[in-house]
Amino acid sequence: MHSPEPARSTPTLPRAPRVIAITGGKGGVGKTTVSINLAMTMAQSGQRTLLLDTDLGLANVDVMLGLSPRLTLADVFAGRCELRETIIEGPQGLLIIPAASGKRHMTELLPQQHIGLVNAFSQLDIPLDVMVVDTAAGISDSVLTFCQAAQDVILVVCDEPASVTDAYALAKVLSRDRGVSRIEVVANQVDNPQEGRALFEKLERVTARFLDVTLSYLGAIPRDEWLRVAVQRQEAVVEAFPSAPSSQAFRELARKISQWQAPQGPRGHVEFFTERLIASQGSTCT
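Quantities reported herein were computed from a predicted structural model and do not represent experimental measurements.

Calculation notes
Residues numbered from 1 in each chain as written. Predicted model: local features only at pLDDT ≥ 70, side-chain atom pairs only at ≥ 80, totals over all residues. Heavy atoms only, no water. Pairing = 2+ DSSP bridges. Helix = DSSP H or I, 4+ residues; strand = E, 2+ residues; numbered from the N terminus. Contact = heavy atoms within 4.5 Å. Axes fitted to C-alpha atoms, helices over the stretch in contact; angles between N-to-C directions. Expected span 1.5 Å × (residues − 1). Buried < 20%, exposed > 50% of the residue type's maximum accessible area, 1.4 Å probe, protein only. Arc of directions from axis to C-beta.

A. Examining the sheet that holds strand E7 (residues 182–190) more closely. Taken in spatial order, the eight strands make up an open sheet running E3-E4-E2-E5-E1-E6-E7-E8, and their pairing is mixed. In this open sheet, the two edge strands, each paired with only one partner strand, are strand E3 (88–89) and strand E8 (214–222). Of the strand pairs in this sheet, E7 and E8 are connected by eight bridges, and their pairing is parallel. From the neighbouring strand, Ala187 faces E8, where its bridge partner is Ala220. Those strands touched by helix H7 (residues 161–178) are strand E1 (18–23), strand E6 (152–157) and E7, and its axis lies near 160 degrees from that of E6. Across the sheet, helix H11 (residues 245–258) lies against E1, E6, E7 and E8, angled at about 155 degrees from E8, the strand it touches most.

B. Quick peek at H7. Over its 18 residues, H7 extends 25 Å from the first C-alpha to the last, a length consistent with the 26 Å expected when each residue adds 1.5 Å. Inspection of H7 places Ser163, Val164, Ala167, Tyr168, Leu170, Ala171, Val173, Leu174, Ser175 and Arg178 among the buried residues, and these make up the whole buried set.

C. Examining H11 more closely. Counted at 1.5 Å a residue, the expected span for H11 with its 14 residues is 20 Å, and the 20 Å between its end C-alpha atoms agrees. What H11 keeps buried is the set Ser246, Ser247, Ala249, Phe250, Leu253, Ala254 and Ile257. Buried residues of H11 fall within an arc of 160 degrees about the axis and therefore sit on the same side.

Encoded structure:
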């Protein structure tokens, strides 16, 4: 009698990465600081995390972390390198794709020209758990495209009238023109939790009245002197001062995100993100 063959285990494919676009309507609300510290927190927890700077003309992720990239997205668009060659490793193993700073032509790309970046993503086959996309300010085609292609959109607001007005304008365009139906909100630089909640409710009242979009309150980042010091030192506050109030707040945001439903997809690469980018290009070029 033959002994039974051992049961063959079915290899488990890595999950699709979660792609989070972090945006802010107007400049100066702390969007890039939130992007950096949230991505760094995820990297610290052992997640394979990629931070993508898509502010194509005024990039500053690399500057805020004291890095000096040799190649940027401008080189990818110019055909001088592949996307993989632009990746630099930051603190805590965080992977970063830097954009270009001071390249005005990069801010004037036509919607069709984003296809070059889409094609570049199709060649990026590194396994990831999370990709954090730091968008530019405003409601340019680039901002809308990356928000539409991401699974989740986080809108950063602060307690300034222009911030709330511009956040509403961005939510309006994303909902009306790009089909984004759900947006998470982070209140930045607040003096206390009540101020953060009140800021969210102010924005939610006007969106609920006029827009077909659901806002959810993700949390608040307190006004924190340690955060200002970390920015001056070109470091993430979660690495430089892990016990600072703002660091604790970023860890709480990351904890909430980790409880979101796992993204659907067969592989732990970014093919699905490429497909969503292509789909968004199709909807804007027709």
